[in-house]
Amino acid sequence: MSLLIKTATHFIYGFAYFLGLIPWRHSIRFSDMLGDLWYLLDRRHRNVALDNLARAYADEKSEAEIRKIAQQSFRNITRIPFEIGWSLRLSEKEIMRRCEVIGLEHLRRAHAKGKGALILTLHMGNWELLPLSYTANGFDVSLIYRPLDFKPADLFFLQYRQRFGGHPIPKKKSMRKVLDALRRGNSVGILLDQDSGLTAGVFARFFGHQACTNKGMALLALKIGAPVVPTFLVRSGDGFVVHILPEVPVIRTEYKEKDVQVNTEQYNRVLEQIIRQYPEQWLWVHRRWKNRPVNDSDGD
């Protein structure tokens, strides 16, 4: 590792730590101001969020409601660096004092099957804090992630995710490591709410439109029988709530390709239900419907 990359990584750590020194309530006000400014100035991402919301909610919400959710979503994202900085100077126990976990029995029941657990999750709330809720309760957890293009930032987040015993797995060529983790009885988290690209994905309905979704979770659930447990984290008051939902049963038909498609669509329905409960805390700035089926300009 070059000296320049090390220096830049240390700078990112120092800056995040500094943000964490700002008193909690002041940091919320400041990050909300930054979120509003970002929403105002960043036309490209603002339009992506508004287009996504219009597609997802169609005639369900007014233009004013859609704009309000979009602006709140920007605020949600700008809070994350402050919360990461806050967590850098605290122990696992101190962080968990602000974090309530609901539904832990569903995870224990899944692990009792002896095949590990596939954690169906999404970019909701501050998703970076989610693995801690697992390790703090005695579960080994791996999380599949896409390395960042900016190497210092990628190293910072890698170290951050490993801090309390998490085991990040780079997305590229991850299947063997995922299988090994499941065979050891670990939980493996997969963020399934982004466009996967045509090679890794299958088209499955999401908010009423076909969305290219990673098929890896369905393939794993079908192949080795690992239970799929939806989990997500949202902000609530001055803290966070982790929701662990009941296992999603595997659907099996006579056709492998159909099995992958219907199970992936089932996972999308779960994620959609979560987003509908907390739309302002989801990552609307991602082009979720970037890829569309051939000869289908609307993605339906």
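Quick notes on the rules
- Residues numbered from 1 in each chain as written.
- Predicted model: local features only at pLDDT ≥ 70, side-chain atom pairs only at ≥ 80, totals over all residues.
- Heavy atoms only, no water.
- Buried < 20%, exposed > 50% of the residue type's maximum accessible area, 1.4 Å probe, protein only.
- Helix = DSSP H or I, 4+ residues; strand = E, 2+ residues; numbered from the N terminus.
- Pairing = 2+ DSSP bridges.
- 1 Å grid on protein atoms, 1.4 Å probe; cavity = no way out; pocket = protein on both sides within 12 Å on 5 of 7 lines; lining within 4 Å.
- Points joined across faces, edges and corners; volume = space filled by probe spheres on them.
- Nonpolar A, V, L, I, M, F, W, Y, C, P; charged D, E, K, R; others polar.

Draft legend 1. Just the pairing of strand E5 (residues 187–191), in detail. Taking burial as the measure, the 5 residues of E5 include 4 buried ones, the bulk of the element. By the bridge criterion, 5 bridges tie strand E2 (residues 117–121) to E5 in an arrangement that is parallel. What sits directly across from Thr-121, in E5, is Leu-191. With 3 bridges connecting them, strand E3 (residues 141–145) and E5 associate as parallel partners. Across the sheet, Ser-142 pairs through a bridge with Val-188, a residue of E5.

Draft legend 2. Up close: the layout of surface pockets. The computed volume of the largest pocket comes to approximately 1,700 Å³. Lining of the largest pocket is provided by 49 residues; of these, His-123, Arg-146, Leu-148, Leu-191 and Gln-194 occupy positions nearest its centre. Elements with a minimum of two residues in the lining of the largest pocket: helix H1 (3–21), helix H3 (43–57), helix H4 (63–88), E3, helix H8 (151–162), helix H9 (175–183), E5 and helix H10 (216–224). Here the lining of the largest pocket gets 5 residues from one element, more than from any other, and that element is H4. In terms of residue class, the lining of the largest pocket is made up of 27 nonpolar, 12 polar and 10 charged. The calculated volume of the second largest pocket comes to roughly 200 Å³. Lining the second largest pocket are Val-48, Asp-51, Asn-52, Arg-55, Arg-287, Arg-288, Trp-289, Lys-290 and Arg-292. Class assignment for the residues of the lining of the second largest pocket results in 2 nonpolar, 1 polar and 6 charged.

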